[in-house]
Number of protein chains: 2
Amino acid sequence: MRTAAERLGYSTNRLARGLRRQTTETIGMVVPDIANPFFPAVIKAVETEARSVGLTLLLCDSGNDVAQEADALRRLVDHQIDGMIISVCDRIASRQAVAFTADRLPLVQIDRQTVGGSGYLVGVDQVDSVNRILRHLREQGYRRYAYITAGLEISTARQRLEAFVAHLRSSDPGVERRVLVGEFSIEWGYEATRRLLEAGSGQDEQLPDALVCADDLIAVGAVQCLRQRGIRVPDEVAVTGFDDTVLATASRPQLTTVRQPLDLLGRAAVGLLRRAIQEPRMPARSTVLPAELVVRESSVRSNLPAKLPRTM
Amino acid sequence: MRTAAERLGYSTNRLARGLRRQTTETIGMVVPDIANPFFPAVIKAVETEARSVGLTLLLCDSGNDVAQEADALRRLVDHQIDGMIISVCDRIASRQAVAFTADRLPLVQIDRQTVGGSGYLVGVDQVDSVNRILRHLREQGYRRYAYITAGLEISTARQRLEAFVAHLRSSDPGVERRVLVGEFSIEWGYEATRRLLEAGSGQDEQLPDALVCADDLIAVGAVQCLRQRGIRVPDEVAVTGFDDTVLATASRPQLTTVRQPLDLLGRAAVGLLRRAIQEPRMPARSTVLPAELVVRESSVRSNLPAKLPRTM
DNA sequence: GTGAAAGCGCTAACAT
DNA sequence: ATGTTAGCGCTTTCAC
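What counts, and where the lines are drawn
- Residues numbered from 1 in each chain as written.
- Chains lettered and ligands numbered in written order.
- Predicted model: local features only at pLDDT ≥ 70, side-chain atom pairs only at ≥ 80, totals over all residues.
- Heavy atoms only, no water.
- Helix = DSSP H or I, 4+ residues; strand = E, 2+ residues; numbered from the N terminus.
- Buried < 20%, exposed > 50% of the residue type's maximum accessible area, 1.4 Å probe, protein only.
- Contact = heavy atoms within 4.5 Å.
- Areas by Shrake-Rupley, 256 points an atom, 1.4 Å probe, with all protein chains shown as cover.
- Lys, Arg positive; Asp, Glu negative; His and termini not counted.
- Charge placed at Lys NZ, Arg CZ, Asp CG, Glu CD.
- Least-squares fit on C-alpha atoms with pLDDT ≥ 70 in both.
- Pairing = 2+ DSSP bridges.
- Axes fitted to C-alpha atoms, helices over the stretch in contact; angles between N-to-C directions.
- Phe/Tyr/Trp six-rings, centres within 6.5 Å; stacked < 30°, edge-to-face > 60°.
- Lys NZ or Arg CZ within 6 Å of the ring centre and 35° of its normal.
- Buried area = accessible area lost by both parts, 1.4 Å probe.
- Salt bridge = Lys/Arg side-chain N within 4 Å of Asp/Glu carboxyl O.
- Polar contact = N/O pair within 3.5 Å; in protein donor to acceptor, adjacent residues only side chain to side chain.
- Near = heavy atom within 4 Å.
- Nonpolar A, V, L, I, M, F, W, Y, C, P; charged D, E, K, R; others polar.

Of the regular secondary structure elements, chain A holds 11 helices and 12 strands. Dimensions of chain A, computed from the C-alpha atoms along their principal axes, are close to 75 × 40 × 30 Å. Put simply, chain A has 312 residues, and 57% of those count as buried. Nonlocal contacts in chain A, meaning residues at least 24 apart in sequence, comprise 75% of its contacts between residues at least 6 apart. By element, 49% of the accessible surface of chain A is carried by carbon and sulfur atoms, the whole surface being about 13100 Å². The averaged location of the 38 negative side-chain charges in chain A is 4 Å from the averaged location of its 40 positive side-chain charges.

Next comes the structure, spelled out in structure tokens:
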């Protein structure tokens, strides 16, 4: 019978049904930048999980813009979705729109989150991730670290920076470190590296020998700049990325990076959201998943054995 | 007053409004694979344009699966969107779901299209693109071409293949050419190249000296395989991609590729859709935009001057 | 001008 | 089991 109805071209009007039942079996998702290859991977994970439990995912891109993000949230809410999954673009400035939204429907924050950490949160352990990178670089004999990052209004970028600083402060109090703040892009990775090299010209030994980058895009830009100046990666300078996007294996040398468990992340976010939808007064809850260090060419010296040189 | 209402936390229920007005100021978009970096770029272009004219874009991924695509279309239609923009996953098998959808609302096909070409279409001139690649390779002195492509159920892959064959048939009737059909992925690019090398071992002069790849992912895989075997790109073998994704500049050597005018594509698709929404009986219409060849390192011999060797 | 009423397509509750 | 009715929140119409 249902098939008969379908054959006749009938299909139920979800608008009307939603109006009556007050549920649309649809959830919204807002991401900061769909052009950043990390987010399509997150989206895929969330959508796969959503579909498998019968939910439609409606997606919007906020273009790293708080106003646009607020607009996308409002529009999705107005569409009477049942819940929202969001990766916010600004840990402070996004709070208002997030609060507004969370006020009228269940909302789960995934990956990039607002400060304060109230509500339902799903993310990856950034501190642990950075520690793994730094331990690895140290084992490979690299000593003078620089951190190239996107703007610190992005929660993950800031967490990684704080972890970077804290780690070095405790493990190598006197160690060289520099921090450059920009954005998640190849261009910025290139530019930041250019600035590092420029600043260090004349006193070559002061140049960092390891560039810790806040994502793969930045790392690719860094590698490009180094190669262009004839600086060998990883023999002279190591470069690490973050996210294990398709770029990590496409670039030369292949990037050492941190792989986040996206499937688990998506599953956790959708699961949490569904529980919140079923149980309106569910208490706040936060899930933190561990990431995995993927060691590739960009941080393993090829001609030198991987040994620890003596510290002075 | 409107601000006052908003301050009180009121926001209009688009479901109810849509039910009454029979319009939701929302359009749907379905793409075959959001993980393929080409599509986020297309999505961005479409969404930017949609937002600028006051339309919300609701996005679904069909995961290269016809059933999932049909499901996404149905769900979006059921949400009473005003129109649909789709890049289909199968030029034949997607026809039914597309027809079903186009039957109840305006639908514009973008990039990958169903065969027959009825309705509203927006795409890029694939024949011209391939011709530009082949003319360029010929000018650079490459002679033995292979084409590595995704499945021919994808309209653009097939058009490119047909153009490849037609071009070589007319310009170089006796020229060496081979075609390998797989999917849009780095893995396939690698595997296809491995097969080419394997088949050619023992008779080295039969190996192709130019690998024309149906997208950047495939090209990256091809380059990886060649480098691993110690075959120099572009000095011994040229590799070209398609789409000018972020991969093209991230990979080493940087890829010669075809850049599609995505902004224009997005603008054309949204414009066409809006006109079709306003004027229900608007006649079918097809827009074909020219693409641009971007020459980078992977097809320009570095040590040899770019000259035409004599044909035998 | 302002206000009341009908109805979009559906479903849940109620009546038969 | 099957049929009928009321109403979800909005907009449009029609009456005042």
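In the superposition of chain A on chain B (RMSD 0.0 Å, axial shift 0.0 Å), the rotation amounts to 180°. What the superposition gives is, in effect, a two-fold axis relating one chain to the other. Residue Ser-251 of chain A, judged by its C-alpha, is the member of chain A lying nearest the rotation axis, at 2.2 Å. With an isologous cut-off of 70% or more, the 100% of interface residues of chain A that recur at the interface of chain B puts this contact in the isologous class.

Before going further, it helps to examine the sheet that holds strand 7 (residues 177-182) of chain A. Residue and element names in this part refer to chain A. Spatially, the 4 strands line up as an open sheet ordered 7-6-8-9, and their pairing is parallel. With partners counted over all chains shown, the strands left at the sheet margins are strand 7 and strand 9 (238-240), one partner each. Strand-to-strand twist of the sheet, defined as the mean angle between neighbouring strand axes without regard to direction, takes the value 15°. Taken together, the 4 bridges between strand 6 (residues 145-150) and strand 8 (residues 210-213) define a ladder with parallel strand orientation. Paired with Tyr-145 across the two strands is Ala-210, which belongs to strand 8.

So, on to the pairing of strand 7 (residues 177-182) of chain B. Summarising the sheet, strand 6 (residues 145-150) of chain B and strand 7 of chain B pair through 6 bridges and their orientation is parallel. By the bridge assignment, Ala-150 of chain B is partnered in strand 7 of chain B with Gly-182 of chain B.

Before going further, it helps to spend a moment on the packing of aromatic side chains. Residue and element names in this part refer to chain A. A complete count under the given rule lists 4 aromatic pairs over all chains for this structure. Aromatic side chains Phe-38 and Phe-39 sit 5.2 Å apart centroid to centroid with 65° between the ring planes, which places their arrangement in the edge-to-face category. Residues Phe-38 and Phe-39 agree in their burial class; the two are buried. In this structure, Arg-104 is placed above the aromatic ring of Phe-100, and the distance from its NZ or CZ to the ring centre is 3.7 Å. If you follow Arg-160 out to its NZ or CZ, it ends over the ring of Phe-242, 3.7 Å from the centre.

The interface of chain A with chain B comprises 52 residues on the first partner and 52 residues on the second. A combined buried area of about 4600 Å² lies between chain A and chain B, and 57% of that area is made up of carbon and sulfur atoms. Counting the surface chain A buries against chain B, the share from its top three residues, Leu-15, Arg-75 and His-79 of chain A, is 15%. There are 6 salt bridges connecting chain A and chain B. Two residues, Asp-61 of chain B and Lys-44 of chain A, come together in a salt bridge whose shortest N-O distance is 2.9 Å. Where chain A touches chain B, the interface holds 16 residue pairs in polar contact (both at pLDDT 80 or more). Those elements giving two or more residues to the side of chain A that touches chain B turn out to be helix 2 (14-21), helix 3 (38-52), strand 2 (56-61), helix 4 (66-78), helix 9 (216-228) and helix 10 (246-250) of chain A.

A separate point is the sheet that holds strand 9 (residues 238-240) of chain B. Remark on secondary structure: sheet strands pair via backbone hydrogen bonds, oriented parallel or antiparallel. Residue and element names in this part refer to chain B. Strands sit in the order 7-6-8-9 across an open sheet of 4 strands; the sheet is parallel. On the outer flanks of this sheet lie strand 7 and strand 9, each paired with one strand and no other. In this sheet, neighbouring strand axes are inclined to one another by 15° on average, regardless of whether the strands run parallel or antiparallel. Contacts from helix 6 (residues 126-139) reach strand 6, strand 8 (210-213) and strand 9, with the element oriented near 165° to strand 8.

Around DNA strand D sit Leu-19, Arg-20 and Gln-22 of chain A together with Tyr-10, Thr-12, Asn-13, Ala-16, Arg-17, Arg-20 and Arg-21 of chain B, and those are all the residues in its vicinity. Per the 4 Å cut-off to the protein, sugar and phosphate atoms form 71% of the nearby atoms of DNA strand D. In the environment of DNA strand D, a base oxygen lies 2.8 Å from a nitrogen or oxygen atom belonging to the side chain of Arg-20 of chain B. Put simply, the parts of the chain that give the surface near DNA strand D at least two residues each are helix 2 of chain A together with helix 2 (14-21) of chain B. Taken together, the residues of the surface near DNA strand D sort by class into 3 nonpolar, 3 polar and 4 charged.

Attention now moves to the protein's contact with DNA strand C. Lining the immediate environment of DNA strand C, one finds Tyr-10, Thr-12, Asn-13, Ala-16, Arg-17, Arg-20 and Arg-21 of chain A together with Leu-19, Arg-20 and Gln-22 of chain B. Close to the protein, within 4 Å, the atoms of DNA strand C are drawn from sugar and phosphate at a rate of 75%. Between a phosphate oxygen of DNA strand C and a side-chain N or O atom of Arg-17 of chain A, the distance comes to 2.9 Å. With respect to DNA strand C, the side chain of Arg-20 of chain A contributes an N or O atom lying 2.9 Å from a base oxygen. When residues of the surface near DNA strand C are traced back to their parent elements, those giving at least two are helix 2 of chain A together with helix 2 of chain B. A total of 4 residues in the surface near DNA strand C trace back to one element, the largest contributor, which is helix 2 of chain A.

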